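# Descriptive structure summary
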Amino acid sequence: MASEVIVARKRACEEALKRVVELKPRIMGIGTGSTVELFVEVLSKRRENLRETAYVCSSLHTCHILSEKGFTVLHLGSTTSIDVYVDGADEVDSELNMIKGGGAAATLEKILAYGSKYRIYVIDYTKLVKKLGEKHAIPVEVLPEALGIVLTRLRMLGLNISIRTLTSGKYGFVMSDTRGVIIDVKPPNWWSPRDLEKVIRSIPGVVETGLFIDLADEVFVGYPDRVEVLRKPRKNNFRAEEF
Ligand code: 5RP
């Protein structure tokens with residue numbers, strides 16, 4: 001990764017942490033990925049500001065990093081509401097819709113985002129896109145038992161797909177922390193995020209997709225020399241406190 005991208009991400013993490021401190025979360029959700037690792041680094045150097053905070057995570061990997069650093073980690077399954085969620089993203093458009101799941105953690109990430117009162121994403125400038133799908137395929141998590149049927153259906157829909165495979169450590173498919181197989185779907189020209197999400201989610205055996213629609217409140221975009229904060233108007237957002 002280019003050094004200016006790392007600088008940009010680090011700047012964005014530092015600004016995002018300032019926002020988190022203002023929000024004083026009692027329970028904080030943390031996503032998965034290299035940006036999140038950077039955020040946890042920054043967080044661990046300023047931990048005195050969040051002494052009372054406990055954490056829930058979107059992957060065993062993030063839980064492990066946090067617990068190694070001495071943070072209190074809760075089980076997501078026994079967490080009823082999250083005050084603030086912080087995560088990275090693969091692509092973000094001007095409406096703050098996103099593609100996520102490059103780390104195969106989109107299912108738990110979506111649960112955390114859905115259950116959080118405030119959702120903050122941290123990205124670098126290379127991840128802003130005009131239209132989702134410009135650079136990344138859409139991850140679709142599928143129950144192993146449904147793999148063949150789901151593949152057939154996606155092919156019938158004319159979608160360009162591939163099953164995500166590991167490049168080292170084990171031969172074969174990437175399995176998520178929720179034991180799903182990840183199919184990467186290249187968005188077709190005709191697609192709109194909402195329509196494609198609806199079509200794919202209607203197939204039995206599909207657990208989740210990496211399309212995150214209306215699940216962001218703020219996006220901190222790091223540039224080598226500054227950070228820009230993109231905000232979504234509150235009225236369009238689902239809020240956990242409106243349950
Ligand atoms: C993991 C994710 C990540 O947030 C996304 O892939 C971005 O990762 P990185 O910060 O390493 O670029 O969705 O499932």
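Look a little higher up for the structure.
Computed from a predicted structure; not experimentally measured.

### Some points on the side chain of E109
Within the element layout of this structure, E109 appears in helix α4 (residues 106–114). At 3.0 Å, the side chain of E109 and the side chain of K100 are in polar contact. If near-sequence neighbours (up to four positions away) are discounted, E109 is found in contact with G31, T32, S58, Y85, D87, K100, G101 and F212.

### Structural notes on the packing of aromatic side chains
A full pass over the atoms with the stated rule returns three aromatic pairs. Measuring from ring centre to ring centre gives 5.2 Å for Y55 and F71, while their planes differ by 70°; the resulting arrangement is edge-to-face. Placement of Y55 in strand β2 (residues 54–57) and of F71 in the loop between α3 (60–68) and β3 (82–87) is noted, with a sequence separation of 16 residues between them. For Y55, a relative accessible area of 0% corresponds to the buried category. Look at Y85 and Y121: their rings are 6.2 Å apart centre to centre, the planes differ by 80°, and that puts the pair in the edge-to-face class. Of the two residues, Y85 is situated in strand β3 and Y121 in strand β6 (residues 116–124); the sequence distance between them amounts to 36 residues. Here the two residues Y85 and Y121 agree in accessibility, since each one is buried. Just above the ring of F71 sits the side chain of R47; from NZ or CZ to the centre is 4.3 Å. Residue placement shows R226 over the ring face of Y223; its charged tip is 3.9 Å from the ring centre.

### Description of the side chain of S176
One can find S176 in the loop between β8 (160–163) and β9 (181–186). Taking relative accessible area as the criterion, S176 reaches 6% and is therefore assigned buried. Aside from chain neighbours lying at most four places away, what touches S176 is A104, E141 and I182.

### As for the sheet that holds strand β13 (residues 227–231)
Pairing in this open sheet of six strands is mixed, and the strands run β2-β1-β3-β6-β12-β13 from one edge to the other. Looking at strand neighbours, the two that pair on one side only are β2 and β13, the edges of this open sheet. For this sheet, the mean inter-axis angle between neighbouring strands, taken without regard to orientation, is 20°. Against the sheet, helix α1 (residues 3–23) touches β1 (27–30), β3, β6, β12 (218–222) and β13, its axis set at about 160° to β6. With respect to the sheet, α3 is in contact with β1 and β2, its orientation differing from that of β2 by roughly 155°.

### Section: the nonpolar core
Soluble globular proteins: nonpolar side chains tend toward being buried together. V20, I30, F39, Y55, V86 and I120 are the most contacted members of the largest nonpolar core, which totals 25 residues. For Y55, the residues in contact, after removing those within four places along its chain, are M28, I30, L43, L50, L66, F71, T72, V73 and L74.

What counts, and at which threshold
All chains use their own residue numbering, which begins from 1 and follows the written sequence. For this predicted model, a pLDDT threshold of at least 70 governs which residues receive local features, and a threshold of 80 or more governs which side-chain atom pairs are given and counted, while totals over whole chains, interfaces and linings are taken from all residues. Based on all heavy atoms of the structure, the side-chain values leave hydrogens and waters out of the count. Helix and strand assignments follow DSSP, with helices taken as H or I runs no shorter than four residues and strands as E runs no shorter than two, numbered in order from the N terminus. Between N or O atoms, a polar contact is any pair within 3.5 Å; within protein, one atom must be a potential hydrogen donor and the other a potential acceptor, and residues adjacent in sequence are included only when both atoms are from side chains. Any two residues whose heavy atoms approach within 4.5 Å at even a single point are treated as in contact. Only centres within 6.5 Å qualify two rings of Phe, Tyr or Trp (six-membered ring in Trp) as a pair; their planes then separate them into stacked at under 30 degrees, edge-to-face at over 60, and tilted for everything else. The classification of residues rests on relative accessible area computed with a 1.4 Å probe and restricted to protein chains. Under 20% of the type maximum is buried, over 50% is exposed, and intermediate values are partly exposed. For a Lys NZ or an Arg CZ to count as sitting over a ring, it must be within 6 Å of the ring centre and within 35 degrees of the ring normal. The pairing criterion is simple: DSSP has to find at least two bridges between the two strands. Here an axis means a line fitted to C-alpha atoms, over the contact stretch when the element is a helix, while the angle between two N-to-C directions is reported on a 0 to 180 degree scale. What makes a nonpolar core is a set of buried Ala, Val, Leu, Ile, Met, Phe, Trp, Tyr and Cys residues whose side-chain atoms join them at distances within 4.5 Å.

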